[in-house]
Amino acid sequence: MSARYAIYFAPDRHSPWWAFGAHWLGRNEHDNTALPQPLLEGLPPAEFAAITAEPRRYGFHATLKAPFRLSAAHDESDLVARLGRLAQTLAPVALGPLRAAALGNFVALVPETDPEGLQALAAACVTGLDDLRAPPEATELARRRAAPLDARETELLDLYGYPYVMEKFRLHLTLTGPVNAPLARQVSHAVAADVDRLNTQAPLVLDRLCLFVERNPGAPFQRVMDVRLGA
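Not measured: the values here are computed from a predicted model.

Asker: Got a minute to help me understand the overall build of the protein chain in this structure?
Answerer: Within the protein chain one finds eight helices and eleven strands. What you see for the protein chain is a C-alpha radius of gyration of 17 Å, in line with the 17 Å of a compact globule of 231 residues. If you line up the protein chain on its principal axes, its C-alpha atoms span 50 × 40 × 35 Å. Relative to its 231 residues, the protein chain shows a buried fraction of 47%. For the protein chain, restricting intrachain contacts to residue pairs at least 6 apart in sequence, the fraction spanning at least 24 positions comes to 72%. Accessible surface computed for the protein chain: about 10,900 Å², of which carbon and sulfur atoms make up 55%. Considering the protein chain, the positive charge centre built from 23 side chains and the negative charge centre built from 26 side chains are found 2 Å apart.

Asker: What am I meant to see in the state of the cysteines here?
Answerer: Taken as a whole, this structure holds zero disulfides when the rule is applied. Cysteine Cys 125 shares no disulfide, and the gap to the nearest cysteine sulfur, in Cys 210, comes to 10 Å.

Asker: Hey, could you run me through helix 7 (residues 151-160) in this one?
Answerer: At 3.6 residues per turn, the α-helix brings residues three or four places apart onto the same side. Listed as buried for helix 7 are Glu 153, Leu 156 and Leu 157. Along the axis of helix 7, the buried residues cluster in a sector spanning 105°; they form a single face. Along its buried surface, helix 7 packs onto helix 6 (138-146). You can read the cap of helix 7 off the contacts: a side-chain oxygen lies 3.1 Å from the backbone nitrogen of Arg 152, and it is on Asp 150. Positive phi appears at Gly 161, one or two residues downstream of helix 7, with a value of about 75°.

Asker: Is there a simple way to explain the nonpolar core in this structure?
Answerer: Buried together is how nonpolar side chains tend to be arranged in soluble globular proteins. In terms of nonpolar packing, the biggest core is built from 52 residues, with Leu 64, Leu 95, Leu 109, Leu 206 and Leu 209 touching the most fellow members. Sort the elements by how many residues they give to this core and helix 8 (residues 181-201) lands first, with six residues. Once residues within four sequence positions are removed from consideration, Leu 64 is found in contact with Ile 7, Tyr 8, Phe 9, Leu 121, Ala 122, Cys 125, Val 126, Phe 169, Leu 206 and Leu 209.

Conventions we followed
Residues numbered from 1 in each chain as written. Predicted model: local features only at pLDDT ≥ 70, side-chain atom pairs only at ≥ 80, totals over all residues. Heavy atoms only, no water. Helix = DSSP H or I, 4+ residues; strand = E, 2+ residues; numbered from the N terminus. Rg over C-alpha atoms; globule rule 2.2 N^0.38 Å. Buried < 20%, exposed > 50% of the residue type's maximum accessible area, 1.4 Å probe, protein only. Contact = heavy atoms within 4.5 Å. Areas by Shrake-Rupley, 256 points an atom, 1.4 Å probe, with all protein chains shown as cover. Lys, Arg positive; Asp, Glu negative; His and termini not counted. Charge placed at Lys NZ, Arg CZ, Asp CG, Glu CD. Disulfide = S-S within 2.5 Å. Arc of directions from axis to C-beta. Polar contact = N/O pair within 3.5 Å; in protein donor to acceptor, adjacent residues only side chain to side chain. Core = buried A, V, L, I, M, F, W, Y, C linked by side-chain atoms within 4.5 Å.

Okay, structure coming up:
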């Protein structure tokens with residue numbers, strides 16, 4: 001099976017937001033080294049590692065174009081070149097204050113208000129690279145269709161291989177895998193002070209497109225390239 005590629009936003013690796021997210025998940029997505037995770041009161045370290053295992057594989061990020069395989073007519077160099085050209089056409093977006101929220105059965109950081117220009121930027125990442133994408137495999141489509149999807153989400157899945165795009169897009173930086181409601185509240189409370197401090201000291205700006213790659217099925221996604229917007 002071929003590699004899968006994804007276009008994410010992730011904070012600069014020297015920023016305090018990156019340090020927060022990487023240590024929360026316990027992984028440096030640049031070189032795949034393990035990082036020490038924080039301690040949560042009342043939650044054994046093994047349980048904390050378990051609830052963050054799923055997002056750890058992907059790295060701390062917000063999805064702009066969900067994982068996809070390249071078509072037979074294109075290779076990684078084509079994607080890199082196109083990503084660079086796309087980034088030149090996009091302007092940075094100030095995300096404003098973030099907060100932890102339960103989205104279904106997982107916890108993520110989301111903007112408190114709708115950032116101006118974000119929806120257009122996300123849509124451009126979906127449509128501007130879509131001709132490079134191979135159609136999803138039948139098993140992938142079946143897995144997506146197993147989730148509750150409305151008619152528009154099903155249409156978007158058929159068009160773009162992912163249902164949560166265009167007007168269904170909601171930017172989020174995932175903190176946990178599936179958790180129950182009490183644990184979701186505990187996680188949200190645990191990160192609140194750090195997130196408030198970062199909102200004040202280092203307001204987050206979506207200023208780059210990041211190329212992540214899963215070289216083999218089930219392998220951790222590695223961050224291989226950042227392209228600054230407008231550069």
